[in-house]
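Structural overview for review
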Amino acid sequence: MEMTLPALVHSFTDRRVVVLGEAMLDSYLMGSADRLCQEAPVPVVTLSDRRDVPGGAANVAVNLRALGAQVSFLSVVGEDENGDRLRQALAHCGVKIDDLLVQTDRQTLVKQRIMAASQMVVRLDQGSIEAIALEMEQQLIDRLHKLVPSCDAIVISDYSYGLLTPRVLDAIAALQATAPKLLVVDSKRLASYRSLGATVVKPNYEEACRLLADPATTLTTAVETRLEFMARHREQLLNLTGADMVIVTLDTEGAVILQRQQAPQRIQAKPTTCRQATGAGDTFISALTLALASHAPVTIAAELAVTAAAVVIAKEGTETCSAEELQTILNTPMMHRIPTSVWNNDAEGNPSTQEVA
Ligand SMILES: Nc1ncnc2c1ncn2[C@@H]1O[C@H](COP(=O)(O)OP(=O)(O)OP(=O)(O)O)[C@@H](O)[C@H]1O
Ligand SMILES: [Mg+2]
């Protein structure tokens, strides 16, 4: 069946996605600094404003929602002010908070940044990182049983802060064994997901190197070397993660798709020099998931993911790409990066997808 890229993006509104991972609150305390403190050589910041935005796995939920999806966000927070702020921030972004569970003796994860104008002065991190309580684990598993059967995809955004316990992973493995769903995993410990048989795992280059226990390679910056290194370790990465596909994101240089018995395929990004490129990975995984859930071929899904990531890279701070913004780009004549010909016979597009030797 043929589908144009705008129709593909339009279909995102019908997709139901379960997001599972550690919810965080990203707080920005903003002010001005025009003098040094007398007690220590540090600036005195006079606060004038505050901005709270969903962070961690909550940012994936927000990105999926911005792209139009119906999102169930499953996580655990503490019974505290930061938890309330996070709920408000999520609701503000249109993400339902029904599945945000509360563990009374837990502290909500928060990253608090003190900003003097646009300059970050310090970041203060707080929150519980030990494994969630047994009864929370059970509640989480019960919710999974309730939500997963009717969803089109599951996205796991695992920060190793105590939510994805062995029991929770076993519960997902059991669900996958009975009725497999599109499962996309972003985790700093992807080897723990080996038995889950994920559809896609998405490490960035550094995470992929760490998985291969080759930290020295992370120092290499030349794109040819990074691509060649990933191509050489294709089978090893697939075996270590147990996934059908490993998509390694290469920041300014896009991404590379690794599949069994297939030459790696590189998706190029238009490099942008940005001050704070955070959250692009969350946008990438969100667009990728929705495109795959709408049955797009993986190269198209990754092209769309790179395009959506480029939208947030062009913005200040951690942002999202909306379905409308993506549509605008797809309808721009200069948009030649996506091989639209695959989906749309009469559109002209120069595929940038290339095989890596
Ligand atoms: N400076 C940049 N210019 C253009 N595209 C970029 C840039 N940085 C990231 N991207 C895009 O975002 C995608 C994800 O970036 P990256 O590889 O840094 O993932 P990540 O480390 O998981 O994300 P993040 O750094 O946001 O936590 C890349 O595949 C690329 O498409
Ligand atoms: Mg990165």
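Attention here is on the structure that accompanies the text. A quick note: this is a predicted structure, and the numbers were derived from the prediction, not measured.

**Some remarks on the packing of helix α9 (residues 280-293) against helix α10 (residues 298-313)**
Two quantities define a packed helix pair, namely the angle between the axes and the distance from one axis to the other. Taken N-terminus to C-terminus, the directions of α9 and α10 make an angle of 145 degrees; their axes are 8 Å apart at the nearest point. The chirality of how α9 crosses α10 is right-handed. Residues Ala280, Thr283, Phe284, Ala287, Leu288, Ala291 and Leu292 of α9 form the contact with α10, whose participating residues are Val298, Ile300, Ala301, Ala302, Leu304, Ala305, Ala308, Ala309, Val312 and Ile313. The class makeup of the residues in the contact of α9 with α10 is 16 nonpolar, one polar and no charged.

**Describing the environment of Arg87**
Mapped onto the elements, Arg87 comes out in helix α3 (residues 81-92). Assessed through the 20 C-beta atoms surrounding it within 10 Å, Arg87 is described here as buried. Distance in space between the C-alpha atoms of Arg87 and Ala58 is 9.9 Å, their sequence separation being 29 residues. Among all residues touching Arg87, those that are not within four sequence positions of it are Ile97 and Leu100.

**What to know about the pairing of strand β6 (residues 109-116)**
Alignment of strand β2 (residues 23-32) against β6, held across eight bridges, turns out to be parallel. Within the sheet, the bridge partner assigned to Tyr28 lies in β6 and is Arg113. Examined bridge by bridge, β6 and strand β7 (residues 119-126) share seven bridges and lie antiparallel to one another. The residue bridging Arg113 from the neighbouring strand is Arg123, located in β7. What sits between the antiparallel neighbours β6 and β7 is a turn of two residues, in which Ala117 has the positive phi angle 55 degrees.

**Things to note about the environment of Thr273**
As for its placement among the helices and strands, Thr273 is situated in the loop between β13 (265-267) and α9. Since 7 C-beta atoms lie within 10 Å of it, Thr273 is described here as exposed.

**Describing the sheet that holds β6**
With mixed pairing, the four strands of this open sheet are ordered in space as β3-β2-β6-β7. This sheet does not close on itself; its edge strands, each paired only once, are β3 (46-56) and β7. Within this sheet the neighbouring strands show an average axis-to-axis angle of 20 degrees, counted without direction. Of the strands in this sheet, β2, β3 and β6 are in contact with α3, which crosses β3 at around 70 degrees.

**Examining the nonpolar core**
Ranked by internal contacts, the top residues of the largest apolar core, which has 101 residues, are Val19, Ala61, Leu288, Ala291, Ala301, Ala302 and Ala305. If you tally residues by element for this core, the top one is α10, at 12 residues. In contact with Val19, not counting residues within four places along its chain, are Ala57, Val60, Ala61, Leu64, Val71, Phe73, Leu74, Val155 and Ser157.

**Details of the packing of helix α2 (residues 57-66) against α9**
At a closest axis distance of 9 Å, the pairing of α2 and α9 adopts a crossing angle of 50 degrees. It follows that α2 is oblique to α9 by the angle criterion. As α2 packs across α9, the resulting crossing turns out to be right-handed. Counted together, Asn59, Val60, Asn63 and Leu64 of α2 and Asp282, Thr283, Ile285, Ser286 and Leu290 of α9 form the full contact between these two elements. Class assignment of the residues belonging to the contact of α2 with α9 gives a composition of four nonpolar, four polar and one charged.

What counts and what doesn't
Residues numbered from 1 in each chain as written. Chains lettered and ligands numbered in written order. Predicted model: local features only at pLDDT ≥ 70, side-chain atom pairs only at ≥ 80, totals over all residues. Axes fitted to C-alpha atoms, helices over the stretch in contact; angles between N-to-C directions. Helix = DSSP H or I, 4+ residues; strand = E, 2+ residues; numbered from the N terminus. Left-handed = near helix turned anticlockwise from the far one by under 90°. Contact = placed C-beta atoms within 7 Å. Nonpolar A, V, L, I, M, F, W, Y, C, P; charged D, E, K, R; others polar. Buried ≥ 20, exposed ≤ 12 C-beta atoms within 10 Å, placed from the backbone. Pairing = 2+ DSSP bridges. Core = buried A, V, L, I, M, F, W, Y, C linked by C-beta atoms within 7 Å. Parallel < 35°, antiparallel > 145°, perpendicular 65-115°, else oblique.

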